[in-house]
Protein chains: 4
Amino acid sequence: MSTLDLKTARTVIAAARTHGRSAELKPLTVVVLDAGGHVVAAEREDGASIKRFEIAVGKAHGALALGMGSRAIMARAEQQAFFVAAVTAAVGGSLIPVPGGVLVRDGAGTLLGAVGVTGDTSDHDEAAAVAGIEAAGLTAQVD
Amino acid sequence: MSTLDLKTARTVIAAARTHGRSAELKPLTVVVLDAGGHVVAAEREDGASIKRFEIAVGKAHGALALGMGSRAIMARAEQQAFFVAAVTAAVGGSLIPVPGGVLVRDGAGTLLGAVGVTGDTSDHDEAAAVAGIEAAGLTAQVD
Amino acid sequence: MSTLDLKTARTVIAAARTHGRSAELKPLTVVVLDAGGHVVAAEREDGASIKRFEIAVGKAHGALALGMGSRAIMARAEQQAFFVAAVTAAVGGSLIPVPGGVLVRDGAGTLLGAVGVTGDTSDHDEAAAVAGIEAAGLTAQVD
Amino acid sequence: MSTLDLKTARTVIAAARTHGRSAELKPLTVVVLDAGGHVVAAEREDGASIKRFEIAVGKAHGALALGMGSRAIMARAEQQAFFVAAVTAAVGGSLIPVPGGVLVRDGAGTLLGAVGVTGDTSDHDEAAAVAGIEAAGLTAQVD
């Protein structure tokens, strides 16, 4: 597989949400993008605010745009906020520079897509994304 | 319920996709928006082209924008295309005026949200959306 | 290969341009997008007008957006112009519904990306795109 | 010559990429804009993330927008980030204020266009751009 298919995306989302419930997180929104940055599947839990989908997409899309997990983009923003703001504009606005946007790779290191989670703290969002990715037997890149 | 919850949205999507497979349709993309027009859940089947998610959202969002199923919007476009084009611009670009965007109501007639389906012919897309909505025990409004 | 790499993209562009010169076409602009719709390579010949790059991208991106060559999108526009206009808005503006946007597939039928050509008549643009794709040993889908 | 022609642009790109390989840089994306800010040629190396083309254009376009290399724009952003953010909005979103966007002048000092490189560190991106420009016998302006 060279990109995330729907079956895998649904597995990732289900596992991320299960992790969220186990960890007693706030309502999560989980999106899965393919390697080209396009939505494959998404679920916004009841009680999540109205723009959580867009925020989750922004975390995942930003990660794919720059080729690094959103935690690394946050580190860049802490050093050069104006750079990350400019990249956000250049890519059309869909980039959220905090943890929760995690790249997905297979065992050979091939980039398959990205997962975006939002709803609890960024660290917890990221943990849910990682849980989902690993439940699908894939590798999570948070930086 | 006054808006589509995630459990219901997932039921709708699963049933719409099952209908698609039974009817041997092309890969479908199914999105469910809540009464406020915000994504609750979405699935893009393997083989669907890269912007089918945006098109499915456009069908559902357009229906909510005007308060009528997208089949009715198509009828309007056939009479006054410039009006529908203007509404598309006014609502930010997310309105697709062909069948496949179906409003969802409960037994009392309360508007709960909308479903958008794309991937096969518009008539077939709409039939899949209706199948999904009715499988959830709700009422589909195609006009 | 599951997407167009740079080496192949450059081969396609070179062959498309060579075709253009042999056929004595006006200055051509040739762009190659990967399967996700992102620019891999592009060349705008001297004398081409200033927005030919954007137009070439629009032809290729529109083809990928809908999963059909731009000649087929033109046929759709001739039947339902308001539909194609709406899809253009929904995908962010980058869709040009005339021939010259050609999907690229490998021998197994896998979609690898798309080529967009503009500068001469649409039919000639399309012919140049096809020449480029076939020179790279790949399959061109014009509809 | 009063603007970068395609032959020169391709020479610049080839030399910038050769420099990148010699310096063992990460995959580079190189774009060449003419004096009017329009894409003449572009190449995104395999492994470069999906939005590197837009970022490379942003570096070059921003340089032309303000009439200074992007290193100088970064210095300005360090002093008045809100000014650079505003300029980015005013020019439509395509301005990246870090090194890698280099103006191209001929021996007489005439502005011919700009080169944008991204993919490695900004300093290394800029060095690749300069190498490309100088290989074409032209003058690079990084500030």
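See the structure printed just above.
Please read all numbers here as calculations on a predicted model, not as lab measurements. (Residues numbered from 1 in each chain as written. Chains lettered and ligands numbered in written order. Predicted model: local features only at pLDDT ≥ 70, side-chain atom pairs only at ≥ 80, totals over all residues. Heavy atoms only, no water.)

Caption draft 1: Representation of the interface of chain A and chain B within the structure. Listed by partner, the interface residues are 17 residues for chain A and 17 residues for chain B. Both faces combined, the contact of chain A with chain B buries some 1,600 Å², and carbon together with sulfur accounts for 49% of it. Sorting the residues of chain A by area buried against chain B places Leu6, His38 and Arg44 of chain A first, and these three jointly supply 33% of that buried surface. One can count 4 salt bridges joining chain A with chain B. In this structure, Asp34 of chain A and Arg44 of chain B form a salt bridge, with 2.9 Å as the shortest nitrogen-oxygen distance. Inspection of the chain A/chain B interface yields 11 residue pairs in polar contact (both at pLDDT 80 or more). Broken down by element, the side of chain A that touches chain B gets its largest block of residues, 6 residues, from strand S2 (residues 39–44) of chain A. Looking at the side of chain A that touches chain B residue by residue, the classes come out as 7 nonpolar, 1 polar and 9 charged. (Contact = heavy atoms within 4.5 Å. Buried area = accessible area lost by both parts, 1.4 Å probe. Salt bridge = Lys/Arg side-chain N within 4 Å of Asp/Glu carboxyl O. Polar contact = N/O pair within 3.5 Å; in protein donor to acceptor, adjacent residues only side chain to side chain. Helix = DSSP H or I, 4+ residues; strand = E, 2+ residues; numbered from the N terminus. Nonpolar A, V, L, I, M, F, W, Y, C, P; charged D, E, K, R; others polar.)

Caption draft 2: The arrangement of the side chain of Glu126 of chain A in detail. Residues and elements named next belong to chain A. Topologically, Glu126 is positioned in helix H5 (residues 122–135). Judged by its relative accessible area of 10%, Glu126 is buried. Ignoring anything within four residues of it in the chain, the contact list for Glu126 reads Arg71, Pro99, Gly100, Val102 and Val142. (Buried < 20%, exposed > 50% of the residue type's maximum accessible area, 1.4 Å probe, protein only.)

Caption draft 3: Molecular detail of the relation of the copies chain A and chain B. Between chain A and chain B, the superposition needs a rotation of 180 degrees and an axial shift of 0.0 Å, giving an RMSD of 0.1 Å. Taken together, the rotation angle and the small translation identify this as a two-fold axis. Residue Ala42 of chain A of chain A places its C-alpha closer to the rotation axis than any other residue of that unit, at 2.6 Å. (Least-squares fit on C-alpha atoms with pLDDT ≥ 70 in both.)

Caption draft 4: A look at helix H4 (residues 81–90) of chain D. Every buried residue of H4 of chain D is listed here: Val84, Val87 and Thr88 of chain D. Buried residues of H4 of chain D fall within an arc of 105 degrees about the axis and therefore sit on the same side. Exposed and oriented more than 90 degrees from the buried face of H4 of chain D are Phe82, Ala89 and Ala90 of chain D. Residues of H4 of chain D that are buried sit in contact with helix H4 (81–90) of chain A together with helix H2 (52–66) and helix H3 (70–79) of chain D. Looking one or two places after H4 of chain D, you find Gly92 of chain D, whose phi comes out positive at around 95 degrees. (Arc of directions from axis to C-beta.)

Caption draft 5: Molecular detail of the pairing of strand S4 (residues 111–118) of chain D. Residues and elements named next belong to chain D. Of all 8 residues making up S4, 7 are buried, and the element is well covered by its neighbours. As paired strands, strand S1 (residues 29–34) and S4 are joined by 6 bridges and run antiparallel to one another. When the bridges of S4 are listed, Val32 appears paired with Val115. Pairing of strand S3 (residues 101–105) with S4 involves 5 bridges; the strand directions are antiparallel. Each bridged residue has a counterpart across the sheet, and for Val102 the counterpart in S4 is Val115. (Pairing = 2+ DSSP bridges.)

Caption draft 6: Highlighting the pattern of salt bridges. Residue and element names in this part refer to chain B. For the structure shown, the criterion picks out 36 salt bridges over all chains. Salt-bridge contacts for Arg71 lead to Glu126; the nearest nitrogen and oxygen are separated by 2.9 Å. Here the residue Arg71 occupies a position in helix H3 (residues 70–79), and Glu126 occupies one in helix H5 (residues 122–135), the gap between them amounting to 55 residues. For Arg71, a relative accessible area of 25% puts it in the partly exposed group.

Caption draft 7: Local environment of the sheet that holds strand S3 (residues 101–105) of chain A. Taking strand neighbours across the sheet as the criterion, the 10 strands line up as S5(A)-S3(A)-S4(A)-S1(A)-S2(A)-S2(B)-S1(B)-S4(B)-S3(B)-S5(B) in an open arrangement whose pairing is antiparallel. Of all the strands in the sheet, the pair left with one neighbour each is strand S5 (139–141) of chain A together with strand S5 (139–141) of chain B. Within the sheet, the average angular offset between the axes of one strand and its neighbour, ignoring direction, is 20 degrees. For strand S1 (residues 29–34) of chain A and S2 of chain A, the ladder comprises 5 bridges, and the chain directions are antiparallel. Within S2 of chain A, the residue paired with Leu33 of chain A across the bridge is Val39 of chain A. Sheet contacts for H5 of chain B: strand S3 (101–105), strand S4 (111–118) and S5 of chain B; angle to S4 of chain B, the most-contacted strand, approximately 140 degrees. (Axes fitted to C-alpha atoms, helices over the stretch in contact; angles between N-to-C directions.)

Caption draft 8: Geometry of the environment of Leu111 of chain A. All names here are of chain A. Mapped onto the elements, Leu111 comes out in strand S4 (residues 111–118). Distance from Leu111 to Ala23, taken between C-alpha atoms, is 28 Å for residues 88 residues apart in sequence. Ignoring sequence-local partners within four residues, the contact set of Leu111 consists of Ser2, Ala35, Leu64, Leu103, Val104 and Arg105.

Caption draft 9: Main features of the sheet that holds strand S2 (residues 39–44) of chain C. Strands sit in the order S5(C)-S3(C)-S4(C)-S1(C)-S2(C)-S2(D)-S1(D)-S4(D)-S3(D)-S5(D) across an open sheet of 10 strands; the sheet is antiparallel. Edge strands, defined here as strands with exactly one partner in the open sheet, are strand S5 (139–141) of chain C together with strand S5 (139–141) of chain D. Going across the sheet, the axis of each strand differs from the next one's by a mean of 20 degrees, ignoring polarity. Docked against the sheet, helix H5 (residues 122–135) of chain D engages S3, S4 and S5 of chain D, running at close to 140 degrees with respect to S4 of chain D.

Caption draft 10: Seen up close, the pairing of strand S1 (residues 29–34) of chain B. Residues and elements named next belong to chain B. Within S1, 6 of the 6 residues are buried, leaving the element largely enclosed by the surrounding structure. Across the two faces of S1 the burial is the same, with Thr29, Val31 and Leu33 and Val30, Val32 and Asp34 all buried. Hairpin connection of S1 to strand S2 (residues 39–44): 4 residues between the antiparallel strands, including Gly37 at a positive phi of 85 degrees.

Caption draft 11: Structural detail: the packing of helix H1 (residues 6–22) of chain D against H5 of chain D. All names here are of chain D. Relative orientation of the contacting elements H1 and H5 amounts to 135 degrees, with a least axis distance of 7 Å. By the angle class used here, H1 and H5 are oblique. The hand of the H1/H5 crossing is right-handed. From H1, Thr11, Val12, Ala15, Ala16 and His19 reach across to H5, where they touch Ala127, Ala128, Ala131, Gly132, Ile133 and Ala135. Here the contact of H1 with H5 is built from residues that sort into 8 nonpolar, 3 polar and no charged. (Parallel < 35°, antiparallel > 145°, perpendicular 65-115°, else oblique. Left-handed = near helix turned anticlockwise from the far one by under 90°.)

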